[in-house]
Each structure stands twice: as C-alpha cells, then as structure tokens.
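Remarks on the overall topology
Listed here are the chains, written in short residue letters.
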Amino acid sequence: MKTAAIEIRGLSKSFTVNGEASEVLRDVSLTVAPGDIYGIIGRSGAGKSTLARCVNLLERPTAGQVFVSGQDVTHFAGRDLLDLRARIGMVFQDFNLFAQRTVLSNVSFPLEIRHDGAEARRARAQELLELVGLSDKAQSWPSQLSGGQQQRVAIARALANHPSIMLCDEVTSALDTTTTQSILDLLRNINRELGVTMLVITHAMSVVHRICNKVAVLDAGRVVETGTVADLFAHPQAAATRELLRADNGAATAVIATAAAATPTATRRPQHDAQEAGADHHVR
Amino acid sequence: MFADGFGAFLTEFGPLLLEGVWATLAMTLISSALAYLLGIPLGVLLTITAPGGLKPNRTLSATLGWVVNMGRSLPFVILVVVLIPFTRLVVGTTLGVPGAIVPLVIAAIPFVARIIENSLAEVPAGVIEAAQACGANTFQIITKVLLREGLPSIARSVALTVITLFGYSAIAGMVGAGGLGDIAIRYGYNRYQDDVLLAALVIIIVLIQLIQSACNLLVRHIDKRA
Ligand SMILES: Nc1ncnc2c1ncn2[C@@H]1O[C@H](COP(=O)(O)OP(=O)(O)OP(=O)(O)O)[C@@H](O)[C@H]1O
Ligand SMILES: [Mg+2]
C-alpha cells in the first residue's frame, strides 16, 4: 500500500472554556490515500473544522497523531511547522482573501512569504489565475468580485506553493447552487490534473456525492462511519448518516439510482458500533 | 471689531497669526508623526500579547495595558508639568515648538496605541488564519496582514489623532510653545482683543476641516474594501 497522504490516529481534541474542558473530537482515526477526495460530513458543531485544522496544526491535538505523507507532524514547531503549512493548501467558507491586496497579490502571497522573486511570483500567480479562469481579474480587488470568483482566487492562492494536499472547509456553503457546482468541478479538475489530495469538509451530502470518492461521517466528535461514497449512499449504517441523507434529499434521491447500480462489496468500516453511537447522540 | 478696517488688522496681526499657524501645524504634525512611529509598535504589542492573540502573554499584556491606561488618564496640563525635566533632557528646552513636542508625543503614544489596537482588531480572524495556513510567521502576519489590512482604519484614525493633538497644542501653548491657541488666549482672553480671538478661531476651524478632509480623501484612496 502507498503511503497515506493524511493519516489521523486516535486523535482527540478538547477546548477549555472558562476552566471547563469540552471534548470536541474523540478518538478520531482515518486514512486519506494520495489522490483521494475525502469527504468529512457531519452537522454543525460535529467538529469537522477542528479536525481539518488539526491536519495543518492550526489546532493542536490533545491526544493522538497526525501523519502527513507518512511523516508524524503532530509535534512540529518553528520552521518545520511553517513548511508543513506551506505544503498544505487551505480554502475556507468565507474565502478569507486579503481585502487590501489585488487578486494577483492574493494569489502570490504564499510565495511572497517564502521570499520568491517578484517575477517568479507574478508568473506563477498568472498561471494559477488562468487555471481558475480569472486571468482577466489579476488587477481587481477582492471586493469587486462575486462570491464564486473570490473562492476561485482563494483556491488559486491555496495552490501557489504546489501543495500535495488541500483542505477545503465548507468551501461552497456561501455560494448558490450553480456556483457551487462550478467550484466543485474546479476542485475535481485540480484533483485529477494536478493530483492534489483533498480533504473536503461539508454538511451537505450533495457535495460528497458530487466530488468525493471516500467519506467519513462525524457525529459529536466521533467518526461513526467511513467508506466509499457509493457504499455510504447505498447502505448508510449510522443514524447520523441517515439523518444527513434525509436532510439533503436531492442528493439522496439522485444517488439511489447510482448506488443501486454500484457494487455494494467495498470494504465497510462502521466504527465505534455505528448504530449505537448514532442512537446515543440522537438522544441529545 | 476690526476697528481700523480689515486691511489694517491684517498688517498688524497677519504675521503673528501666520507664525501661530506654523507653530501649531509644526507641533501637531511632528508630534502626530512621532506618536504613530512609537504608538504603532505598542499597539501591535497590545494586540498580539492579548489573550487569543498571535503571541499571548498575560504579564506583558497586563503591564502594557496598565501603562497605556495610566498615560491616557493623566490630564495633559499635568503631564506637561511632570515632564519638564524629561523634556529639558531630551530637547534642551521646555519652550517653543520643540519644548511642546515632547509632552505632546508622550501624551499621544498611548492614545495612538489604543487606536492601532482597535484598527487591528477589525482585521477578520479568518484572514489571519488564511495567512497562517499559508505558512506565514508571526512577523510576516504583523507586517503583511495585520498592518496592511488594518491600514484604512489606521489612516482614518490619523485625523482624530491630529485634531486631538491640535487641541492639546493650545494647552502646550499656554506654557510657552506659541501657536494659535496661545494667540487666542493671550490676545482674546487676556487683552479683550475679540478680533484676534475670532481670527484665530476661524483659522483653527478651517485647519481642522482641512485636516479631516485630507484624511477622508486619503482613506477613500487606500480603502479597497467594498
Ligand atoms: N477555539 C475554540 N474554543 C472553544 N471551543 C471551540 C473552539 N473551536 C471550536 N469549538 C467548539 O468545538 C465544536 C466543534 O466546532 P467545529 O467548528 O469544529 O464544528 P463544525 O463541525 O465545523 O461545525 P460547522 O458546520 O458549524 O462549521 C463546537 O461546539 C465549537 O463551539
Ligand atoms: Mg466548520
């Protein structure tokens, strides 16, 4: 087996607020293979963002380990930490562009902090703007762009350093349906053409259905189900999964047909006794 | 008022008022510039050492906060007096524009530091996080993100600072610095020369309006947010 792009082992994370610790992630383990578009789905507050932020250590795990390309990065600090982050692109729900920088300058920011020369930065940024279809907007300001365009700029920025991994946290949640589709298509193209492994955080099954090949369902900080997307849609195990499917009816029905045709033989790994965990959290 | 006509008034008091304008502008602008030079680093320190900041440091944050609050709560007149030995040490005199600049700067630093702190707080947390995710170090985040993204807000504060120091400079004027405020008080209040008082007042109002307008124009030019 190839070295995993991302491997998370027994990861827990708790936050202490006003002296009281709350456990946001509990014993989370999952493996993302190179080339995967790996979905993490769960409802609001499940801990999805926290999990993604543990991968580039914007958040420090309380327990457990994070491996990136086979390397244990859990305790990275200083130069190593900054280099790790530079190797992992990140895209956010509300774009988080630099309002006081042009589109070009936004895209070349990751190169600027690496002290690349102005000419090299400009060339790389232009190349990326071409990739995301915004070459004509290089000199625009973020405030002059639509949401979808801003997200394309953010995606270009995340790619500046030739990352092998991209973390996408609810990247289409602020966008309308059509724009969502085009952004998801862009991500899929980047995955196929540049071979970038993606961790896609979402609360929408339709997103998982459209671009992911594997998925983990997160419920109240626990992984309650993992597997291939086709399998998950065909035979949802955990209560949380079924609930998410119900909530995103369109995706669910769209997929019944696909799933019926798909082979339900792929390895399933219901974790932590999916039904029980699901039922447990249902009580809340 | 203008007893011997406006022309005669100008001949008599024009040079005095003009000198007052220069003294006031020199005092306020030079001390504003120095206050930003020293207040920006202090404001950045307040920002990053605060709980949840880039480099949280409870002790440093509390100490700086206390010093800044002390500086801000001391009435300016008292500050001028208290600082006399220090002022003499730094510029060799307590008189004239140089003598006024020292207390003005000292009074303005904590004021500016708080303004910078507020301006930097306006930079969205998500934007800072995006920079961190790119692998930016703390110094890069300060210079390339916090200060740069906070610039429109910082620029907007310049008018507030200059105008505040404008007011302080009148008090500094009372202790021998000259300037428009000093003229207004010496002639208008002490000698009942209403025309000089009025002229000084009009000039002060016009200058303040000009400063505000120039600042607004600057902000409009540099603010690229919606
Ligand atoms: N820095 C923090 N300090 C304290 N609590 C936090 C912090 N970050 C997250 N939490 C808590 O952790 C829980 C999970 O948050 P997280 O943002 O990971 O959820 P999420 O699944 O991404 O939700 P959403 O879909 O709403 O974005 C929430 O209850 C949240 O309040
Ligand atoms: Mg989230």
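None of these values were measured; they are calculated from a predicted model.

What follows concerns the sheet that holds strand β10 (residues 222–228) of chain A. Pairing between the strands of a sheet is mediated by backbone hydrogen bonds and can be parallel or antiparallel. Residue and element names in this part refer to chain A. Taking strand neighbours across the sheet as the criterion, the six strands line up as β6-β7-β8-β3-β9-β10 in an open arrangement whose pairing is mixed. Two strands close off the open sheet at either side, each with one partner strand: β6 (88–91) and β10. Along the sheet, successive strands turn relative to each other by an average axial angle of 15°, direction set aside. Pairing geometry for strand β3 (residues 37–41) and strand β8 (residues 197–202), over five bridges, is parallel. The residue bridging Ile 40 from the neighbouring strand is Ile 201, located in β8. Packed on one face of the sheet, helix α5 (residues 147–159) meets β6 and β7 (165–169) and runs near 165° to β6.

Another point: the site of ligand 1. Residues and elements named next belong to chain A. Within the structure, ligand 1 sits among Phe 15, Val 17, Val 24, Arg 43, Ser 44, Gly 45, Ala 46, Gly 47, Lys 48, Ser 49, Thr 50 and Glu 170. Here Gly 45 contributes a backbone N or O atom positioned 2.8 Å from an oxygen atom of ligand 1. One of the side-chain N or O atoms of Lys 48 is found 2.8 Å from an oxygen atom in ligand 1. Contributions of two or more residues to the shell around ligand 1 are made by β1 (6–17) and α1 (48–55). Ranked by the residues each element gives to the shell around ligand 1, the list is headed by α1, at three residues. Split by residue class, the shell around ligand 1 holds four nonpolar, five polar and three charged.

With 51 residues, the main nonpolar core has A:Leu129, A:Ile155, A:Met166, A:Leu187, A:Ile190, A:Met198 and A:Val200 as its most contacted residues. Per element, the largest residue contribution to this core is six residues, and it comes from α5(A). Residues contacting A:Met166, with those up to four places away along its chain left out, are A:Gly89, A:Val91, A:Ile155, A:Ala158, A:Leu159, A:Leu187, A:Ile190, A:Val196, A:Thr197, A:Met198 and A:Leu199. Core analysis: the next-biggest nonpolar cluster, separate from the first, contains 36 residues, A:Ile40, A:Leu57, A:Val223 and B:Ala130 among them.

So, about unusual backbone geometry. Glycine aside, residues mostly have negative phi, and peptide bonds are mostly found in the trans state. Residue and element names in this part refer to chain A. One non-glycine residue, Ser 69, lies in positive phi territory at about 50°. Mapped onto the fold, Ser 69 is located in the loop between β4 (63–68) and β5 (71–72). A relative accessible area of 43% means that Ser 69 is categorised as partly exposed. With a phi close to 65°, Phe 95 is a non-glycine residue in the positive phi region. The topology assignment puts Phe 95 in the loop between β6 and α3 (103–112).

As a general feature of sheets, a regular strand has side chains that alternate between the two faces. Residue and element names in this part refer to chain A. Sheet analysis places β1 next to strand β2 (residues 20–32), joined by nine bridges and oriented antiparallel. Within the sheet, the bridge partner assigned to Thr 16 lies in β2 and is Ala 21. The turn linking β1 back onto β2 is made up of two residues, and Asn 18 within it adopts a positive phi angle of 50°. Two strands pair when backbone bridges link them, and β1 and β4 are joined in this way by five bridges, in the antiparallel orientation. Residue pairing for β4: Ile 6 is matched across the bridge by Val 68.

Thresholds applied
Residues numbered from 1 in each chain as written. Chains lettered and ligands numbered in written order. Predicted model: local features only at pLDDT ≥ 70, side-chain atom pairs only at ≥ 80, totals over all residues. Heavy atoms only, no water. Pairing = 2+ DSSP bridges. Helix = DSSP H or I, 4+ residues; strand = E, 2+ residues; numbered from the N terminus. Axes fitted to C-alpha atoms, helices over the stretch in contact; angles between N-to-C directions. Contact = heavy atoms within 4.5 Å. Near = heavy atom within 4 Å. Polar contact = N/O pair within 3.5 Å; in protein donor to acceptor, adjacent residues only side chain to side chain. Nonpolar A, V, L, I, M, F, W, Y, C, P; charged D, E, K, R; others polar. Core = buried A, V, L, I, M, F, W, Y, C linked by side-chain atoms within 4.5 Å. Buried < 20%, exposed > 50% of the residue type's maximum accessible area, 1.4 Å probe, protein only.

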